[in-house]
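# Breakdown of the fold
Each chain is listed here by its residues.
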Amino acid sequence: MIKVENVSFTYPSGVNALKNVSIEISNGEFVAIMGENGAGKTTLVKQFNGLLKPGEGDVYVDGRNTRDLSVAELSKDVGLVFQNADHQLFCETVEDEIAFGLRNFGFSNRVNKKRVKWALTLLNLQEYRKTSPFMLSGGERKRVALASVLAWKPRVTILDEPTVGQDQSQKERLLQFVRQLNTQGNTVILVTHDLEFVAECDPRVVLMSHGRIVADGPAKKILTNPKLIKKTSLILPQITQLFFRLADLGFPKDVISIYEAKELINDFVARRS
Amino acid sequence: MVSPIIEIDGLSYTYPGAKKQSLSNVTLSIDKGAFVTLTGPSGCGKTTLCRCLNGLIPHFYGGKIKGDVVVSNLNVRDHAISELAQQVGFVFQNPENQLFALSVEREIVFGLENLALPPDEIRERLEWALKTIGIENLRERSPYEISGGQQQRVAIASVLAMKPEILILDEPTSSLDPLAAKNLFQVISKLNKTLGLTIILVEHRLDLLSTLTDRVIIMDGGILRIEGNPREVFSSKSVKLMGIGIPKIVRLYQELESQPEKLLFSIEDFVGYLKRI
């Protein structure tokens, strides 16, 4: 679905944000791009919908080179929800905000109406249909931004730091929703350094540092590797820290989720008693 | 007997133009030298409560206020924000909202110059703040070209140089990566332990904090719901129902089939328990 070949990118300010990056993301994958602040995560995903074009190398979306396509054309397939919702929202009502993209893509009025309703319901925003996005809380604005992208049903949804400033119940809702999106066959890409969130969704993790991809694999492998964690200013998930300490009781070290931890400890306690 | 440094009595507050109260009848006292973590769902009134402690409410925001807030024996109603700022230092969520000078050094001395302190004293406090926070190597740098974690440290240093008795930090780690967040919590804990500074920290990330803080206060809908030491608070059933991000270790304990009676609160607790059985 997305293929990045030897891409380097330098901002006009001279910051060399991507250095010879190659990666492939298949249809229906669930990927978390992680790494320290300034690692190049956001710069990389902006290449996926053509907001940025590579300085060197090529990016292909469905076999089409992004150099030959406009952001509008690419966005139809690749929806990007920005880190800061305020960079994205501008309409007078939540409903208009969601309808805006749809209208631009030339959907009929009938489809338009149906999709707006669908997106409002999906993100639990019905009561704010006629409210200005700027009257809403930060967490709610983020949901509006997400609804406005999902409404046109892109095949790939990219969420940049979706959990920043969200409380636990909003995070749990987001987790559920992201999973649902992915099981319906959509490609989901998260840019995040919320490692406790990633530990619960267990996606493929692409680890970046200083403009390069330094590791790529299942979350369970990457987030339990102390060397990689140190290199990228992450810390081991809390559950993993516990299992590192339990190794001499015969527990495995590569445990990241509460669910798996619970099963292992229940078994252990049952055997001992 | 430790004496309270903050006393809030029957505090209710409504922002101008708002229909609903943001704080309802809050009564709370905080001891000198405490490390308090204030948490709760978005919109619960955490930030509003903090604004009452340095007089931003009511002096800057206006609105309707009832009840009393006394900080270091000063009733905030009767004292200007500038006066309260010497007692209560405030570090914001986004350091960029707070930093503006061309160098870290300039940033830190700005507040001191405004207090019209003698130059020797300013120099002394500058060195002390840089050293205490461990950012001596950043003194010549521009606050805009350093990392987010470093920016937050500069913001803390510039507040610390005012020698407040209370330090309030409003979600200071929300834009930091996990390692930077962990390190910042260590710095805050050190200020609390070595200087006896009273800390009020507003946070969602309780995983990293539960073993550092000595009191947790949970707010919801403008009301104080639960408070106590972290062990008591996280073992309370209602905390789970309120959707608070309790530490994963505590959640793991709650999910176990046969729970030991005593709450397993930290990694140490878990290791100890499993080795014993």
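Located above this text is the structure these notes cover.
None of the values given here were measured: they were computed from a predicted structure.

## Quick notes on unusual backbone geometry
Residues and elements named next belong to chain B. The omega torsion of the bond from I57 to P58 falls at 5°, within 30 degrees of zero and hence cis. Its place among the elements puts P58 in helix α2 (residues 56–60). Residue A116 is not a glycine yet carries a positive backbone phi of 60°. Structurally, A116 can be placed in the loop between α4 (104–114) and α5 (119–133). A116 sits in the exposed class, given a relative accessible area of 65%.

## A few points about helix α3 (residues 94–104) of chain A
Residues and elements named next belong to chain A. All of the buried residues along α3 are V94, E95, E97, I98, A99, G101 and L102. The inward-facing, buried residues of α3 contact α4 (109–122) and α5 (138–150). Positive phi shows up at G106, right after α3, with a value of about 80°.

## Digging into the sheet that holds strand β1 (residues 2–10) of chain A
Residues and elements named next belong to chain A. The strand order across the open sheet formed by four strands is β2-β1-β4-β5, and the pairing between neighbours is antiparallel. Each of the sheet's edge strands pairs with one partner strand only, and the pair in question is β2 (16–25) and β5 (64–65). Sheet topology places strand β4 (residues 56–61) next to β5; two bridges connect them, and they run antiparallel. Across the sheet, the residue bridging to V61 is R64, located in β5. Against the sheet, helix α1 (residues 41–48) contacts β1, β2 and β4, and its axis sits at roughly 55° relative to β2.

## Observations concerning the environment of P203(A)
All names here are of chain A. Along the chain, P203 falls in the loop between α7 (195–201) and β9 (204–209). Looking at P203, the relative accessible area reads 4%, which means it is buried. Counting along the chain gives 131 residues from P203 to A72, while the straight-line C-alpha distance between them is 28 Å. Beyond its immediate stretch of four places on either side in the chain, P203 contacts F30, V31, A32, V198, G217, P218 and A219.

What counts and how
Residues numbered from 1 in each chain as written. Chains lettered and ligands numbered in written order. Predicted model: local features only at pLDDT ≥ 70, side-chain atom pairs only at ≥ 80, totals over all residues. Heavy atoms only, no water. Helix = DSSP H or I, 4+ residues; strand = E, 2+ residues; numbered from the N terminus. Buried < 20%, exposed > 50% of the residue type's maximum accessible area, 1.4 Å probe, protein only. Contact = heavy atoms within 4.5 Å. Pairing = 2+ DSSP bridges. Axes fitted to C-alpha atoms, helices over the stretch in contact; angles between N-to-C directions.

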